[in-house]
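Here is how the chains run, residue by residue.
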Amino acid sequence: NHDKMCRLRAEKVARIPVPDVTVHGDKDDADLLIVGFGGTYGHLYSAMEEMRKAGMKVALAHFSYINPLPKNTADVLTKYNKVVVAEQNLGQFAGYLRMKVDGFTPYQFNQVKGQPFVVEELVKEFTNIIKS
């Protein structure tokens, strides 16, 4: 009975209608896709904009829903050659995305310091990823 109820609950969650994740910036030809979720949007968006002003091709996919994931998640994440998942934890979201999207192997930018991201640090790290 416990197994049946767990599966029933998972099926109900999977049916929740979730809007597609939107890609901002150079969505058609970015050299780097930045991925984030939750309260990191402003810092990640600012980093993307600074990099674009410097002539780099960068896009941002920011997730508002992670269970269930938007139906276009795999299409978005596998479209770009380089993807970085930026998190203010130890990388749980990147691990979750690797589990849910076959063949997805992102770069990771993880910080656990109890403070918001610093845009200057993000730009430096993301620029290094583009150049690698």
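Look up: the structure comes first, before these words.
Residues numbered from 1 in each chain as written. Predicted model: local features only at pLDDT ≥ 70, side-chain atom pairs only at ≥ 80, totals over all residues. Heavy atoms only, no water.

So, about the pairing of strand 5 (residues 107-110). Sheet analysis places strand 4 (residues 83-87) next to strand 5, joined by 4 bridges and oriented parallel. Considered in strand 5, the bridge of Ala86 is made with Phe109. Taking the sense of rotation as the criterion, the β-α-β connection linking strand 4, helix 4 (residues 92-100) and strand 5 turns out right-handed. (Pairing = 2+ DSSP bridges. Helix = DSSP H or I, 4+ residues; strand = E, 2+ residues; numbered from the N terminus. Right-handed = clockwise from strand over helix to strand, strands pointing away.)

Turning our eyes to something else, we now look at the side chain of Thr127. Secondary-structure assignment places Thr127 in helix 5 (residues 119-131). Look past the residues within four positions of Thr127 in its chain and what remains in contact with it is Met51 and Met56. (Contact = heavy atoms within 4.5 Å.)

Okay, the nonpolar core next. Membership of the largest hydrophobic core comes to 20 residues, with the highest contact counts inside it found for Leu33, Val35, Leu77, Phe93 and Leu97. Residue assignment for this core shows that the elements contributing at least two residues are strand 2 (32-37), strand 3 (58-63), helix 3 (73-78), strand 4 and helix 4. Looking at which element gives the most residues to this core, the answer is helix 4, with 4 residues. Leaving out residues up to four positions away in the same chain, Leu33 has contacts with Val23, Ala59, Leu60, Ala61, Val76, Leu77, Tyr80, Lys82, Val83 and Val84. Counting 17 residues, the second-largest nonpolar core is a separate cluster that includes Leu32, Ala47, Phe117 and Ile129. (Core = buried A, V, L, I, M, F, W, Y, C linked by side-chain atoms within 4.5 Å. Buried < 20%, exposed > 50% of the residue type's maximum accessible area, 1.4 Å probe, protein only.)

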